[in-house]
Amino acid sequence: MKITRNFFISLFSGVLIALSAIGCSDHESYSDGLNNETKSINAFLADQRVVGSVPADSVFEVGKDAPYYRMDEDGSVYMQVINRGDMNNRAKADDLVYFRFMRYNLHTYAATGELEKELNNSENVNNNASFRYLNFHTSSSSAWGQALQMPLNYLGYGCEVNIVVRSAYGLTDEIASVIPYLYNVRYYKLSLIHISEPTRPY
């Protein structure tokens, strides 16, 4: 009986140690993911002009040669403004905002130097994406994360931007994958959205 008891104690201890090791391994893996994410973002931005903060007057340079502005202190989001949109027609809190986007995996860019299109709704007129501006209580808004709403803090409806997005600021169900993305996004107030050729991010 004593041997049996010791056996189960040893077995239980072994399971605890194994579970602890797995937990540490997962933590290290996630840390490695964060480091790789930073490297991939830096690899993309190394080929761009970068400004370390939002302009004091919020007047951004515009166009395909405009710089990428760091939008937050941690460098989780960078934005290049392609088109300011209608600055007399700005989003208000809880507006239903429709948008079209293309997305590129920056790990792929770091490895190949090429932007390969992934998830997008730019080419299908029937595939509208939307969120409630500044209302993250709705699942449709929170699901897209914080980064995709940021441009509307400064720009008008009809604007077009390229945004570098760290995973923590992107789609909430993809945070654990720790993949940084470059988004090309165009924003609209109405669901009647015309299809125009998006601007290639570089």
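A. Representation of the overall build of the protein within the structure. Check the secondary structure of the protein and you find three helices and eight strands. Traced from its N-terminal end to its C-terminal end, the protein shows the element sequence α-β-β-β-β-α-β-β-α-β-β. Across the protein, contacts joining residues at least 24 apart in sequence account for 62% of those joining residues at least 6 apart. Carbon and sulfur atoms make up 54% of the accessible area of the protein, which totals about 11,100 Å².

B. How the structure looks around the packing of aromatic side chains. Counted according to the given criterion, the structure contains twelve aromatic pairs. Relative to tryptophan 144, the ring of phenylalanine 99 lies with its centre 5.0 Å away and its plane at 85°, an arrangement referred to as edge-to-face. Taken together, the positions of phenylalanine 99 in strand E4 (residues 96–105) and tryptophan 144 in the loop between helix H3 (139–142) and strand E7 (160–165) put the pair 45 residues apart, joining distant regions of the chain. We classify phenylalanine 99 as buried; its relative accessible area is 0%.

C. Geometry of the nonpolar core. Counting residues in each nonpolar core, the largest one holds 30 residues, and the members touching the most others are Phe99, Val185 and Tyr187. Considering each element in turn, this core owes the most residues, four residues, to strand E8 (residues 181–188). Contacts of phenylalanine 99, omitting those with residues within four sequence positions, involve Asn121, Ala129, Ser130, Phe131, Trp144, Leu148, Val185, Arg186 and Tyr187. One finds Tyr78, Met102, Tyr109 and Leu115 within the second-largest nonpolar core, a separate group that totals twelve residues.

D. Just the pairing of E7, in detail. For E7, the buried fraction is high: six of the six residues fall into the buried class. Judged by which residues are buried, E7 turns out to be covered on both faces: Glu160, Asn162 and Val164 on one side and Val161, Ile163 and Val165 on the other are all buried. As paired strands, strand E3 (residues 77–83) and E7 are joined by six bridges and run antiparallel to one another. If you follow tyrosine 78 over to E7, its bridge partner there is valine 164. Pairing analysis gives six bridges linking E7 to E8, with the strands arranged antiparallel. The residue of E8 that forms the bridge with isoleucine 163 is tyrosine 183.

E. Summary view of the pairing of strand E6 (residues 129–132). Residue alternation in E6 divides its side chains into a buried set, Ala129 and Phe131, and an unburied set, Ser130 and Arg132. Both E4 and E6 contribute to a ladder of four bridges, which runs antiparallel. From the neighbouring strand, phenylalanine 99 faces E6, where its bridge partner is alanine 129.

F. Looking closely at unusual backbone geometry. Of note in the backbone geometry, aspartate 94 takes a positive phi value of approximately 75° without being a glycine. Tracing the chain through its elements places aspartate 94 in the loop between E3 and E4. Within the chain, leucine 134 stands out as a residue other than glycine whose phi angle is a positive 65°. If you trace the backbone, leucine 134 turns up in the loop between E6 and H3. Residue leucine 134 is classed as partly exposed on the basis of its relative accessible area of 48%.

G. The arrangement of the side chain of arginine 103 in detail. Tracing the chain through its elements places arginine 103 in strand E4. Separated by 3.5 Å, the side chains of arginine 103 and tyrosine 181 make a polar contact. Polar side-chain contacts of arginine 103 include one of 3.2 Å to the side chain of tyrosine 183.

H. Fine view of the pattern of salt bridges. In total, this model carries three salt bridges according to the counting rule given. A salt bridge links arginine 103 to glutamate 174, with the shortest nitrogen-to-oxygen separation between them at 2.8 Å. One end of the pair, arginine 103, is in strand E4; the other, glutamate 174, is in the loop between E7 and E8, with 71 residues separating them in the sequence.

About the cut-offs
Residues numbered from 1 in each chain as written. Predicted model: local features only at pLDDT ≥ 70, side-chain atom pairs only at ≥ 80, totals over all residues. Heavy atoms only, no water. Helix = DSSP H or I, 4+ residues; strand = E, 2+ residues; numbered from the N terminus. Contact = heavy atoms within 4.5 Å. Areas by Shrake-Rupley, 256 points an atom, 1.4 Å probe, with all protein chains shown as cover. Phe/Tyr/Trp six-rings, centres within 6.5 Å; stacked < 30°, edge-to-face > 60°. Buried < 20%, exposed > 50% of the residue type's maximum accessible area, 1.4 Å probe, protein only. Core = buried A, V, L, I, M, F, W, Y, C linked by side-chain atoms within 4.5 Å. Pairing = 2+ DSSP bridges. Polar contact = N/O pair within 3.5 Å; in protein donor to acceptor, adjacent residues only side chain to side chain. Salt bridge = Lys/Arg side-chain N within 4 Å of Asp/Glu carboxyl O.

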